[in-house]
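Residue strings, one per chain:
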Amino acid sequence: MEQVNGGRASADDEAQILEAIDRWVEREVRPIARKFDQADEYPFDLVEQMKELGLFGATISQEYGGLGLSASCYASLVSRISAVWMAPTGIFNSHLIMAQAVERNGTAEQRQEWLPRFATGELRGGIGLTEPDAGTDLQGIRSTAQRDGDHYLIRGTKTWITNGVHGTCFAVLVKTDPDAEPRHRGMSLFICEKGEGFSVGRKLKKLGYRSIDSAELVFEDFSVPATRLVGGAEGRGFQHAVGGLELGRINVAARGVGLAKGALDDALRYAQQRRTFGKPIAHHQAIQLKLADMATRVEAARLLVEQAARKYDTGVRCDLEAGMAKLFASEAAVANSLEAMRVFGGYSYSVDFDVERYYRDAPLMCIGEGTNEMQRIIIARQLVERFPA
Ligand SMILES: Cc1cc2nc3c(=O)[nH]c(=O)nc-3n(C[C@H](O)[C@H](O)[C@H](O)COP(=O)(O)OP(=O)(O)OC[C@H]3O[C@@H](n4cnc5c(N)ncnc54)[C@H](O)[C@@H]3O)c2cc1C
């Protein structure tokens, strides 16, 4: 692939990749989505295909073997897959948040050692922040890493970790100084490959976002070389973790756009096929109002995501835009999935249609990468900062 802009993909490359994704989604993802979701079965074949498509290196620079996609292209790619089945996007997105933490904050040696293996999917995993007693309040985590010669010993439990069962490598947030004030100064991020002392506690059963493994991860005096402390210095882990959430939020927002569009597409088709009182329900005004609102939400959400992604691509701080996109697009997904349920009437309750899956999958987008309550707080804080009275 042509190398431009310091390892970023060209516009032509990006267009080709999006076309390849469209073909893959129709050929491989759509036919299996309903069956795998209902069986909560891990899509091993899709993972192999994702490797071939380069998705595990989608946002990693080309100099490390990635595709070097812009956030704009990445968001579009995620929306296209999510319009058919949202869950598989978590397999590479959580992995790419880990990769991004290393690419943005790691030492030169860490980038050389880890990114090429992440890009091929040889090493796959995700990001371990949340604990049983600390999610939104990340600075309240209790996991620790204690220096032991040229190693650290990690103790603690992480929960809800995407790819926790099938992934083997995770960026894990811990406290290297539990007494530090402010608390974030005592936090560090480590690259942890599964091994003795690092095990899966249990796989979590979920309402939606099925087929993808969410797990509890347990660290019992897990010994990790000091060279795996991201950036090589203690006390920066919170910034590393939170910094990575901008792209994560754009991704969740893109999933919301996709899911909201999937719900609209299905509702629009069904409304023209289903007839009551001698005409298609699409000709009843009550249904028309729903379709119009659903389509408007999709377009508005898409534009917000594009705006956030474009700003991210310029390298400027974009937590306001990413927060707005995440907030609006995830709520659009929830609203559209519920409206699709109403359009489908009794058949919405049938597992023979996809709308019940959209309805179960959509609420996750309001929770992941910072809850929507927190997005509103972030947006308001940014407004005050940018527009002081
Ligand atoms: C399917 C799934 C996959 C996930 N994958 C990952 C993963 O890969 N890695 C990872 O680290 N985590 C992951 N998570 C965890 C997710 O990031 C957290 O669930 C999320 O951050 C919320 O934390 P919590 O569940 O502890 O809720 P809490 O923090 O307990 O919040 C509960 C409620 O209180 C509200 N609230 C909390 N504090 C405030 C405040 N200051 N002001 C206003 N409202 C507030 C919240 O918005 C929410 O409504 C995943 C979760 C799910 C469900």
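Calculation rules
Residues numbered from 1 in each chain as written. Predicted model: local features only at pLDDT ≥ 70, side-chain atom pairs only at ≥ 80, totals over all residues. Helix = DSSP H or I, 4+ residues; strand = E, 2+ residues; numbered from the N terminus. Rg over C-alpha atoms; globule rule 2.2 N^0.38 Å. Buried ≥ 20, exposed ≤ 12 C-beta atoms within 10 Å, placed from the backbone. Contact = placed C-beta atoms within 7 Å. Near = placed C-beta within 6 Å. Nonpolar A, V, L, I, M, F, W, Y, C, P; charged D, E, K, R; others polar. Domains from an automatic or database assignment. Core = buried A, V, L, I, M, F, W, Y, C linked by C-beta atoms within 7 Å. Axes fitted to C-alpha atoms, helices over the stretch in contact; angles between N-to-C directions. Parallel < 35°, antiparallel > 145°, perpendicular 65-115°, else oblique. Left-handed = near helix turned anticlockwise from the far one by under 90°.

Peer 1: Go over the overall build of the protein with me, naming the residues and quoting the values.
Peer 2: A count of helical and extended segments in the protein gives 12 helices and nine strands. Here the C-alpha radius of gyration of the protein, 21 Å, is about what a compact globule of 389 residues would show, namely 21 Å. In the protein, which comprises 389 residues, the share counted as buried stands at 51%. Taking all contacts inside the protein whose residues are at least 6 apart in sequence as the whole, residues at least 24 apart take part in 75%.

Peer 1: Please provide a residue-by-residue account of the environment of Gly-164, values included.
Peer 2: Of note, Gly-164 is situated in the loop between β3 (151-162) and β4 (169-175). Of the residues examined, Gly-164 has 26 C-beta atoms within 10 Å and is grouped as buried. Sequence separation between Gly-164 and Gly-126 is 38 residues, and the spatial gap between their C-alpha atoms is 7.6 Å. In this structure Gly-164 touches Val-200, Asp-213, Ser-214, Ala-215 and Leu-217, once residues within four positions along its chain are discounted.

Peer 1: Now, about the site of the ligand: what can you tell me, with residues and values included?
Peer 2: Within the structure, the ligand sits among 22 residues, and Leu-129, Gly-135, Thr-136, Thr-371 and Glu-373 are positioned closest to it. Secondary-structure elements contributing two or more residues to the shell around the ligand are β1 (125-128), β3, α11 (364-367) and α12 (372-386). When grouped by side-chain class, the residues that make up the shell around the ligand number nine nonpolar, 10 polar and three charged. Taken domain by domain, the makeup of the shell around the ligand includes at least three residues from each of domain 2 (126-235) and domain 3 (244-386).

Peer 1: Outline the nonpolar core, listing residues and values.
Peer 2: Ranked by size, the top nonpolar core spans 111 residues in total, and within it Phe-190, Ile-250, Val-305 and Ala-329 carry the most contacts. When residues in this core are grouped by element, the largest group, 13 residues, is from helix α7 (residues 245-273).

Peer 1: Can you lay out the packing of helix α8 (residues 285-313) against helix α9 (residues 319-344) for me, pointing to particular residues and giving the numbers?
Peer 2: Here α8 crosses α9 at 160 degrees, and the two axes come no closer than 9 Å. Put simply, α8 runs roughly antiparallel to α9. Helix-helix and strand crossings are classified by hand; for α8 and α9 the assignment is left-handed. Split by residue class, the contact of α8 with α9 holds 17 nonpolar, two polar and six charged.

Peer 1: Report on the domain arrangement of the protein, specifying residues and quantitative values.
Peer 2: When cut into domains, the protein gives domain 1 (11-125), domain 2 (126-235) and domain 3 (244-386). Inter-centroid distance (C-alpha atoms) of domain 1 to domain 3 is 21 Å. Of all the secondary structure elements, the ones that give two or more residues to the side of domain 1 that touches domain 3 are α1 (11-39), α3 (71-82) and α4 (89-105). Ranked by residue count, the leading element in the side of domain 1 that touches domain 3 is α3, at eight residues. Residues belonging to the side of domain 1 that touches domain 3 are distributed by class as follows: 10 nonpolar, nine polar and three charged.

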